[in-house]
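Here is how the chains run, residue by residue.
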Amino acid sequence: MKRFSVFIMSLIIIFIAGCGASNNLTVKLTTPKTFTPGKIFAMQFTVVDNKGNPIEGAEVSANLNMKNMDHGTAPVAVEEIGDGKYIGTANLAMNGDWVASIKVEHDGEMVEEEKQFTVEAKTLANAHKVTQEVNLPEFKLIDENGNSVTKQDLIGKTVVMTFTYVNCVDPNACPILLGNFSNMQQDLKSKGNNTDNLLLVSVSLDPENDTPEAMKEHAKKMNFDMSYLKMLTGDMNEIQNLADTLGEHFEKKNSEVLHDNKTYIFNEDGKLTHEFTGSIIDRNELYQIVQE
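What counts, and at which threshold
- Residues numbered from 1 in each chain as written.
- Predicted model: local features only at pLDDT ≥ 70, side-chain atom pairs only at ≥ 80, totals over all residues.
- Heavy atoms only, no water.
- Buried < 20%, exposed > 50% of the residue type's maximum accessible area, 1.4 Å probe, protein only.
- Helix = DSSP H or I, 4+ residues; strand = E, 2+ residues; numbered from the N terminus.
- Pairing = 2+ DSSP bridges.
- Right-handed = clockwise from strand over helix to strand, strands pointing away.
- 1 Å grid on protein atoms, 1.4 Å probe; cavity = no way out; pocket = protein on both sides within 12 Å on 5 of 7 lines; lining within 4 Å.
- Points joined across faces, edges and corners; volume = space filled by probe spheres on them.
- Nonpolar A, V, L, I, M, F, W, Y, C, P; charged D, E, K, R; others polar.
- Axes fitted to C-alpha atoms, helices over the stretch in contact; angles between N-to-C directions.
- Phe/Tyr/Trp six-rings, centres within 6.5 Å; stacked < 30°, edge-to-face > 60°.
- Core = buried A, V, L, I, M, F, W, Y, C linked by side-chain atoms within 4.5 Å.
- Contact = heavy atoms within 4.5 Å.

### Focus: the pairing of strand E11 (residues 158–164)
The buried count for E11 comes to seven of seven residues, which makes it a mostly enclosed element. Because side chains alternate across E11, one face comprises the buried residues Thr-158, Val-160, Thr-162 and Thr-164, and the other comprises Val-159, Met-161 and Phe-163, equally buried. Relative to strand E12 (residues 198–204), E11 is paired through seven bridges, and the arrangement is parallel. Its bridge partner being in E12, Val-160 is matched across the sheet by Leu-200. Handedness of the crossover is the feature at issue here: the chain leaves E11, passes through helix H2 (residues 174–190), returns alongside E12, and the resulting connection is right-handed.

### Some thoughts on the layout of surface pockets
Of the voids in this model, the largest pocket is the one considered here, and its volume is about 1,600 Å³. Thr-30, Gln-44, Thr-277, Gly-278 and Ser-279 are the residues nearest the centre of the largest pocket, which is lined by 49 residues in total. Counting residues per element, the ones that place at least two in the lining of the largest pocket are strand E1 (25–30), strand E2 (34–35), strand E3 (41–49), strand E5 (74–82), strand E6 (85–90), strand E14 (250–253), strand E15 (256–259) and strand E17 (272–277). Looking at the lining of the largest pocket residue by residue, the classes come out as 17 nonpolar, 17 polar and 15 charged. Computed from the structure, the second largest pocket encloses a volume of approximately 230 Å³. Taken together, 14 residues make up the lining of the second largest pocket; nearest its centre are Thr-158, Ile-289, Val-290, Gln-291 and Glu-292. The class makeup of the residues in the lining of the second largest pocket is five nonpolar, seven polar and two charged.

### Notes on the sheet that holds E6
The strand order across the open sheet formed by eight strands is E1-E3-E6-E5-E4-E7-E8-E2, and the pairing between neighbours is mixed. Single-partner strands in this sheet number two, and they are E1 and E2. Looking at chain direction, E5 and E6 are connected through five bridges and run antiparallel. For Glu-80, the partnering residue across the bridge sits in E6 and is Tyr-86.

### A look at the pairing of E3
One ladder, built from six bridges, connects E1 with E3; its direction is antiparallel. By the bridge assignment for E3, Thr-26 is matched with Val-48. Examined bridge by bridge, E3 and E6 share six bridges and lie antiparallel to one another. Across the sheet, the residue bridging to Thr-46 is Lys-85, located in E6.

### With respect to the sheet that holds E12
Across the sheet, five strands lie side by side as E13-E12-E11-E16-E17; this open sheet has mixed pairing. The two strands at the open ends of the sheet, each matched to only one other strand, are strand E13 (229–232) and E17. Each neighbouring strand pair of the sheet contributes to a mean axis angle of 20°, computed without reference to strand direction. Bridge analysis of strand E16 (residues 262–266) against E17 gives five bridges, and the strand direction is antiparallel. For Tyr-264, the partnering residue across the bridge sits in E17 and is Glu-275.

### Quick look at the packing of aromatic side chains
Tallied over the entire structure, the rule returns two aromatic pairs. Judged by centre distance (5.9 Å) and plane angle (10°), the ring pair of Phe-41 and Phe-117 falls under stacked. Separated by 76 residues along the polypeptide, Phe-41 in strand E3 and Phe-117 in strand E8 (residues 109–121) bring together distant segments of the chain. An angle of 90° between the planes, with centres 6.2 Å apart, marks the rings of Phe-163 and Tyr-264 as edge-to-face.

### A short note on the nonpolar core
Counting 28 residues, the largest nonpolar core has Leu-154, Met-161, Phe-163, Val-203, Leu-246 and Phe-266 as its most contacted members. Elements represented by at least two residues in this core include exactly E11, E12, helix H4 (236–246) and E16. Considering every element that reaches this core, the biggest residue donor is H4, with four residues. Once you skip the residues sitting within four places of it in the chain, Leu-154 turns out to touch Leu-136, Phe-139, Val-149, Val-159, Met-161 and Leu-199. Judged by nonpolar contacts, the second largest core, of 26 residues, contains Phe-35, Met-66, Ala-74 and Ala-90.

### Section: empty space enclosed by the protein
Tallying each qualifying case throughout the model produces one cavity of 30 Å³ or more. The space that makes up the largest cavity amounts to roughly 110 Å³. Considering the residues around the largest cavity, the lining is formed by 13 residues, among which Asp-83, Lys-85, Asp-170, Ala-173 and His-259 are closest to the centre. The residue inventory of the lining of the largest cavity, partitioned by class, reads six nonpolar, three polar and four charged.

In structure tokens form, the structure reads like this:
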């Protein structure tokens, strides 16, 4: 009888320990490769369920510690921005390998995970540089005037590319990504830079609705200088292949397109050299990289 009681108590303890744990929640951490000493370090947590649907309204918390070193704990302030995305900010003490201890709670379910990442102090030499070998793939799309555009039209120029769509409802996504283009054009004009070898490109993630006419009207509303900017649309298979090559993930849900907020820089040979993650970009950094 005593052994049976111990067995029952053990089961109860195991059950209690398991309560709140969840196999239904998954959290992904995205961090920049560099940080600026003395400035806030921003990261993104993406929370989805086991079907890949974004989880909104979750309680997300995290702390950062250096891997294999005791430099104290850096708390992370987390703010929800929608679509299952949460922005965390913290102060980092130094370069190196870090461990993020993350806790997510939603509707009585909870997941705790540790994610590792490495950062180094930002310099002009390393800011946003990519380490993987990626080249523009072959593609055939059309611009806002209905003219065909292929990879060969981009070769020979420094290309700044992002992915947006006209009817974007997220104020933290497409409007800011295209706003970065607007800022760059203002900076280039005010400083008298030659733009003959520069091309800004926005590729539609909603070609069904983003006709050349719609994109031309959108560019007009943005007051873009179209002499060195193109808004591309066309066959979804062509867009999907281009996005897959660059690691740009997107998914259409009804009239909305959920997508990564990234900006890519290619050299004159069509090789990817820099990648900005997140819609908000330091305009001076972008300007300096483009003018290298």
